[in-house]
Amino acid sequence: MSRPNESTVLFDALGPKGRRNSNIASVVSAVVLLGLLALAGVQLAAEGFFEQSRWANPLDILVVQTTWVPAILDTLLAFALGSVLALLLGVIIGFGRISQFAPTRWLSAGYVQFFRAVPLVLLIWITFTIDGRFGFTTDVLGWSNDARRLTFLVLGLGIYNGAILAEILRAGVAALPPGQAMAGYAIGLRHGQVQRLVVLPQVVRNMLPAVLAQLVILLKDTSLGYVITYPELLHSASIVGRDYGNSFLQALVIAAFIYFVLAYVLSKLVVVAERRLRKKTAAPLARVQQVEAAAVTD
Amino acid sequence: MFENFDLMADALLKGMWTTVWVTLASYTIALVIGVVLVVMHVSPALPARWAANAYTQLFRNVPLLAVLIIMFFGLPQIGIKAENWVWALLGLGMYTGAFVGETMRSGINSIPLGQAEAARSIGLTFSQSLGTVIMPQAIRAVIPPLGSLLIALVKNSALVLAIGVAELTARARRLIEDPESKFDLWGVIIGVTVSYLLIALVLSYLVRLAEKRAAFVR
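Here's what I pulled together on the structure shown here. (Residues numbered from 1 in each chain as written. Chains lettered and ligands numbered in written order. Predicted model: local features only at pLDDT ≥ 70, side-chain atom pairs only at ≥ 80, totals over all residues.)

### What to know about the overall build of chain A
Argument step 1. Helix and strand counts for chain A stand at 11 helices and zero strands.
Argument step 2. When its helices and strands are written in sequence order, chain A yields α-α-α-α-α-α-α-α-α-α-α.
Argument step 3. By residue count, 35% of the 298 residues in chain A fall in the buried class.
Argument step 4. Of all intrachain contacts in chain A linking residues separated by at least 6 positions in sequence, the fraction that spans at least 24 positions is 75%. (Helix = DSSP H or I, 4+ residues; strand = E, 2+ residues; numbered from the N terminus. Buried ≥ 20, exposed ≤ 12 C-beta atoms within 10 Å, placed from the backbone. Contact = placed C-beta atoms within 7 Å.)

Listed below in structure tokens is the structure:
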């Protein structure tokens with residue numbers, strides 16, 4: 001972020017005249033923004049958005065206990081299981097892509113290319129739909145409906161994000177100076193040993209911020225459980241909204257706020273992890289910035 | 001495996017068309033929002049920077065599906081109504097705009113300070129140094145990440161099925177849930193996947209063209 005009174009790419013340090021102009025601009029933009037906010041507030045108030053009952057109903061203690069708390073727990077459960085599956089698949093596929101055995105490389109590359117191209121919602125919904133179509137159904141397992149839905153949500157989240165984590169790991173391996181692996185071979189380690197003892201620890205350390213950033217996205221993607229009516233936050237919110245007919249928007253806004261808090265806290269943890277990692281040593285990276293940029297987009 | 005192939009191909013082509021235009025239209029909105037956010041971010045006015053920051057944080061931390069559902073199902077309650085495709089474009093555009101803004105900002109920040117200082121020290125004005133020194137370099141730096149945002153938007157656009165826009169995934173869903181089950185499950189799955197792969201391939205080819213056109217002649 002550019003700060004005033006400091007040379008940046010765009011501005012020299014401001015002189016007295018520039019400071020005055022920038023102060024004027026500050027006041028003007030503050031007035032404009034506050035005006036817009038006030039306008040929106042008046043409009044919302046006129047439509048009864050702030051009416052007390054509309055907020056009190058969905059936030060009733062009974063609703064909180066029976067719906068919001070379980071919804072948050074179900075969201076976090078899907079997030080936790082999805083993350084574990086994604087990390088497992090990511091490591092397996094990521095190292096499959098740099099395997100010495102060509103077919104393993106091809107299979108892993110195919111996996112990544114395929115699952116990166118398909119929308120996650122399609123994946124979750126297809127796995128949910130094909131259940132019971134090929135002579136096998138999860139019904140025989142005697143699971144509850146929610147457990148079934150959780151399974152397919154977690155499968156979708158894990159398979160899809162596994163492909164992206166594999167790409168992050170591979171990029172991390174590519175960015176590691178080749179001397180690291182060569183030094184490993186030079187002291188007589190085998191390929192597997194080099195990967196396990198020299199490459200993986202450093203890649204994990206270097207790529208942890210990018211991996212965690214992807215997990216924040218995975219957390220947001222648990223909202224896709226809505227499509228297969230898994231009782232996570234978004235779906236629960238729409239049910240609460242339906243129960244209290246004129247609190248529909250309020251219930252959704254509450255859900256959005258909870259998502260915001262969860263994702264914000266998690267992304268702050270990413271920043272903390274980044275800072276702590278910088279103190280530890282790993283071989284300096286060649287191309288980290290691009291890797292992180294790539295990770296944020298998917 | 002591909003029973004009623006012509007019917008399936010017809011439905012998937014229609015879906016592809018919807019997906020493509022929803023993607024391109026909302027990406028245009030996202031680019032406009034991104035530019036506005038960048039201008040606010042680098043402006044000397046502190047409140048403008050706060051507002052841009054708040055917008056970015058909001059859309060980076062709330063799921064896209066929640067944004068779409070709030071817009072389409074929630075806003076009519078306070079008297080704001082529009083067709084579902086309007087919300088699809090706005091929701092996708094506003095959400096992606098936050099990411100476009102961040103990408104462009106990191107593009108400007110990636111330019112070494114010395115470039116701007118050199119431009120100013122040979123006497124270029126603000127607009128000259130911006131237009132002839134900084135932007136040409138920044139644009140080249142951001143084309144690849146903006147391209148991957150576009151590809152990600154193709155996949156994100158599938159979420160508008162939740163507000164009833166008949167894009168590719170929604171069409172495939174209808175085929176599979178066909179009451180007379182005229183279509184083979186695997187046929188539809190392969191068809192829809194190939195369609196998405198095709199869109200992604202064509203778009204990433206276009207992005208690569210843009211990269212080449214913008215590249216320096218060395």
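### With respect to the overall build of chain B
Argument step 1. Each helix and strand in chain B was counted, giving eight helices and zero strands.
Argument step 2. When the helices and strands of chain B are placed in sequence order, the string is α-α-α-α-α-α-α-α.
Argument step 3. The buried share of chain B, reckoned over its 218 residues, is 43%.
Argument step 4. Looking at chain B alone, contacts between residues at least 24 apart form 78% of all its contacts between residues at least 6 apart.

### Notes on the packing of helix H2 (residues 46-61) of chain B against helix H4 (residues 84-109) of chain B
All names here are of chain B.
Argument step 1. Following both chains from N to C, one finds H2 and H4 inclined at 120°, their axes separated by 9 Å at the closest point. Considering the angle they form, H2 stands oblique to H4. For H2 against H4, the interelement crossing comes out left-handed. On H4, the residues that touch Tyr55, Thr56, Phe59 and Arg60 of H2 are Met94, Tyr95, Ala98, Gly101 and Glu102.
Argument step 2. Among the residues forming the contact of H2 with H4, the class breakdown is five nonpolar, two polar and two charged. (Axes fitted to C-alpha atoms, helices over the stretch in contact; angles between N-to-C directions. Parallel < 35°, antiparallel > 145°, perpendicular 65-115°, else oblique. Left-handed = near helix turned anticlockwise from the far one by under 90°. Nonpolar A, V, L, I, M, F, W, Y, C, P; charged D, E, K, R; others polar.)

### With respect to the interface of chain A and chain B
Argument step 1. Between chain A and chain B, the contact holds 49 residues from the first and 49 residues from the second.
Argument step 2. Sorting the residues of the side of chain A that touches chain B by element identifies helix H1 (16-46), helix H5 (120-130), helix H9 (233-243), helix H10 (248-279) and helix H11 (288-297) of chain A as the ones contributing at least two each.
Argument step 3. The dominant element in the side of chain A that touches chain B, judged by the number of residues it contributes, is H10(A), at 10 residues.
Argument step 4. The residue inventory of the side of chain A that touches chain B, partitioned by class, reads 35 nonpolar, nine polar and five charged.

### Structural notes on the environment of Ser157(B)
All names here are of chain B.
Argument step 1. On the secondary structure map, Ser157 appears in the loop between helix H6 (126-156) and helix H7 (168-176).
Argument step 2. Put simply, Ser157 and Thr169 are 12 residues apart on the chain and 9.3 Å apart in space, counted from C-alpha to C-alpha.
Argument step 3. Apart from residues no more than four positions distant in its own chain, Ser157 is found in contact with Thr19, Val22, Thr23, Leu92 and Glu167.

### Considerations on unusual backbone geometry
Argument step 1. In the Ramachandran plot, Thr229(A) falls in the positive-phi region, its phi being about 50° despite a non-glycine side chain.
Argument step 2. Here Thr229(A) shows up in the loop between helix H8 (191-221) and H9.

### Here's the deal with H9(A)
Argument step 1. In terms of burial, H9(A) is largely enclosed, as eight of its 11 residues are buried.
Argument step 2. Along H9(A), the residues that are buried comprise Leu233(A), Leu234(A), His235(A), Ser236(A), Ala237(A), Ser238(A), Val240(A) and Gly241(A).

### Comments concerning H7(B)
Argument step 1. With respect to burial, H7(B) is a largely interior element, eight of its nine residues being buried.
Argument step 2. Listed in full, the buried residues belonging to H7(B) are Leu168(B), Thr169(B), Ala170(B), Arg171(B), Ala172(B), Arg173(B), Leu175(B) and Ile176(B).
Argument step 3. Next to the buried residues of H7(B) lie H5 of chain A together with helix H1 (5-42) and helix H8 (185-214) of chain B.

### Considering the packing of H6(B) against H8(B)
Residue and element names in this part refer to chain B.
Argument step 1. Where H6 contacts H8, the axes come no closer than 10 Å and their chain directions differ by 170°. Comparing the axis directions of H6 and H8 gives the class roughly antiparallel. Every residue of H8 that contacts H6 at Ile139, Arg140, Ile143, Pro144, Gly147, Leu150, Ile151 and Val154 is listed here: Ile199, Ala200, Leu203, Ser204, Val207, Ala210, Glu211 and Ala214.

### Thoughts on the nonpolar core
Argument step 1. Leu252(A), Ala255(A), Leu65(B), Ala66(B) and Leu68(B) are the most contacted members of the largest nonpolar core, which has 120 residues in total.
Argument step 2. With 15 residues, the top contributor of residues to this core is helix H6 (residues 145-175) of chain A. (Core = buried A, V, L, I, M, F, W, Y, C linked by C-beta atoms within 7 Å.)

### Let's talk about the environment of Arg242(A)
All names here are of chain A.
Argument step 1. Assignment of secondary structure puts Arg242 in helix H9.
Argument step 2. Judged by local crowding, Arg242 falls into the exposed class, with 12 C-beta atoms found within 10 Å.
Argument step 3. On a C-alpha basis, the gap between Arg242 and Val204 in space is 45 Å, while along the polypeptide they are 38 residues apart.

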